[in-house]
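Structure at a glance
So the chains spell out like this:
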Amino acid sequence: MGSAKKSSSARSARIEEMRRAEKARERRARVLTIAASVVVVVGLVVGGVVLVQSQSDDDGGSAATDSKTSGKFVTGDDGVRKWDGELGRNHVTKAVDYPVSPPVGGDHNPVWMNCNGDVYTDEINDTNAVHSLEHGAVWVTYNASADKAAVDALAAKVKKTPYTLMSPVDGQKDPIMLSAWGHQRTVTGADDPNLDAFFEKFVQGEQTPEPGAACTNGLSK
């Protein structure tokens, strides 16, 4: 009789233990369900915020405004125009609405155009060329009005000059122009003494924000 009571008591204890375990599992399941729901809701909220912010940042356009570039050119006695104002230096992946063409600085693409005497026969992206200017390069540009013989002579000179690059820029106002970071001037051709003077002063000149930075291993076209 005593043995039966002990067996019944043990069985009741096991059942009670099983009930407690089941209740504990149910509580854990409820907690996990609530936690999962919270994660989903938070994810939806964050996703919505990011989407709205992204749409706001895109602003429906493909060009970024270079808000930190402001000022104007001041022409010196030597004929060189110097940018009097700020020039942004942020890395951006969109096209930039520069105040002058060709630009002489401002926000630019993270990758520079190769400028180790590189001559490009097609137009290049302003944002990549501006990065080259940041490295101390001089950018020789010309439009459709430039004399072909003058363009060929300029190309030959650029090819022999490290930290220079050359390309057409159809939108520029003068046939041949030289640009460095924060500086610009017009020249008549390769035999214009102002060309050599500009190269001498601004190729890796004092205006360079990042002297000694690479002009190779960037974009080549």
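Everything below is about the structure shown above.
Here's what I pulled together on the structure shown here.

So, about the nonpolar core. Counting 41 residues, the largest nonpolar core has Leu-165 and Met-166 as its most contacted members. With 5 residues, the top contributor of residues to this core is helix 3 (residues 148-159). Apart from residues no more than four positions distant in its own chain, Leu-165 is found in contact with Met-113, Asn-114, Cys-115, Asp-118, Tyr-120, Ile-124, Ser-132, Ala-137, Val-138, Trp-139, Val-140 and Val-158.

Our next topic: the state of the cysteines. Going through the model one piece at a time under the given rule, you end up with 1 disulfide. Between Cys-115 and Cys-215 runs a disulfide, and the two sulfur atoms are separated by 1.6 Å. Of note, the bridge from Cys-115 to Cys-215 carries an S-S torsion of about -90 degrees and is left-handed in sense. Taken together, the residues span a long stretch of sequence, with Cys-115 in the loop between strand 4 (95-97) and strand 5 (116-119) and Cys-215 in the segment after helix 4 (193-202) at a distance of 100 residues. We classify Cys-215 as buried; its relative accessible area is 5%.

One open sheet holds the 7 strands; their spatial order is 2-3-9-8-6-7-5, and the pairing between them is mixed. Each of the sheet's edge strands pairs with one partner strand only, and the pair in question is strand 2 (70-75) and strand 5. Here the average twist between neighbouring strands, direction ignored, is 20 degrees. Bridge count for strand 6 (residues 138-142) against strand 7 (residues 164-168) is 5 bridges, and the pairing is parallel. Across the sheet, Val-138 pairs through a bridge with Thr-164, a residue of strand 7. Contacts from helix 2 (residues 126-134) reach strand 6, strand 7 and strand 8 (176-180) within the one sheet, and its direction differs from that of strand 6 by about 140 degrees.

Looking at the element boundaries, Asp-196 is found in helix 4. A residue is classified by how much of its surface remains accessible, and Asp-196, at 41% relative accessible area, is partly exposed. Within the structure, the side chain of Asp-196 is placed 2.9 Å from the side chain of Lys-157, a separation counted as a polar contact.

With that out of the way, let us pick up helix 4. Considered for burial, the residues of helix 4 that qualify are Leu-195, Phe-198, Phe-199 and Phe-202. The arc that holds the buried residues of helix 4, viewed along the axis, is 100 degrees, so those residues lie on one side. Residues of helix 4 that are exposed and angled more than 90 degrees away from the buried face: Pro-193, Glu-200 and Lys-201. Looking at the buried side of helix 4, the elements it contacts are strand 6, helix 3, strand 7, strand 8 and strand 9 (183-186). Two or three places before Asn-194, at the opening of helix 4, Asp-192 has a side-chain oxygen 2.9 Å from that residue's backbone nitrogen. The positive-phi residue at the C-terminal boundary of helix 4 is Gln-204, with phi of around 55 degrees.

Now for the pattern of salt bridges. With the rule as written, the count across this model stands at 4 salt bridges. Residue Glu-134 pairs with Arg-89 through a salt bridge whose shortest N-O separation is 2.7 Å. Of this pair, Glu-134 sits in helix 2 while Arg-89 sits in the loop between strand 3 (81-86) and strand 4, placing them 45 residues apart in sequence. Exposure remark for Glu-134: the relative accessible area of 1% places this residue in the buried category.

Bringing the environment of Ser-179 into the picture now. Mapping Ser-179 onto the fold places it in strand 8. Residue Ser-179 is classed as buried on the basis of its relative accessible area of 0%. Once the C-alpha coordinates of Ser-179 and Pro-103 are considered, the two residues, 76 residues apart in sequence, prove to be 7.7 Å apart. Not counting residues within four places of it along the chain, the set of residues in contact with Ser-179 comprises Pro-102, Pro-103, Val-104, Leu-133, Ala-137, Val-138, Trp-139, Gln-184 and Phe-198.

This next bit is on the pairing of strand 2. By the bridge criterion, 6 bridges tie strand 2 to strand 3 in an arrangement that is antiparallel. Paired with Thr-75 across the strands is Arg-81, a residue of strand 3. The turn joining strand 2 and strand 3, which pair antiparallel and follow one another in sequence, is formed by 5 residues; a positive phi near 90 degrees is taken by Gly-79.

Another point: unusual backbone geometry. A cis amide bond links Ser-101 with the next residue in sequence, Pro-102, at an omega value of -5 degrees. Tracing the sequence through the fold places Pro-102 in the loop between strand 4 and strand 5. Backbone geometry at Tyr-163 places phi at a positive 60 degrees, although glycine is not the residue there. On the secondary structure map, Tyr-163 appears in the loop between helix 3 and strand 7. Its identity is not glycine, yet Gln-204 carries a phi of approximately 55 degrees, on the positive side. Tracing the backbone through its elements, the reader meets Gln-204 in the segment after helix 4.

Calculation notes
Residues numbered from 1 in each chain as written. Predicted model: local features only at pLDDT ≥ 70, side-chain atom pairs only at ≥ 80, totals over all residues. Heavy atoms only, no water. Core = buried A, V, L, I, M, F, W, Y, C linked by side-chain atoms within 4.5 Å. Buried < 20%, exposed > 50% of the residue type's maximum accessible area, 1.4 Å probe, protein only. Helix = DSSP H or I, 4+ residues; strand = E, 2+ residues; numbered from the N terminus. Contact = heavy atoms within 4.5 Å. Disulfide = S-S within 2.5 Å. Pairing = 2+ DSSP bridges. Axes fitted to C-alpha atoms, helices over the stretch in contact; angles between N-to-C directions. Polar contact = N/O pair within 3.5 Å; in protein donor to acceptor, adjacent residues only side chain to side chain. Arc of directions from axis to C-beta. Salt bridge = Lys/Arg side-chain N within 4 Å of Asp/Glu carboxyl O.

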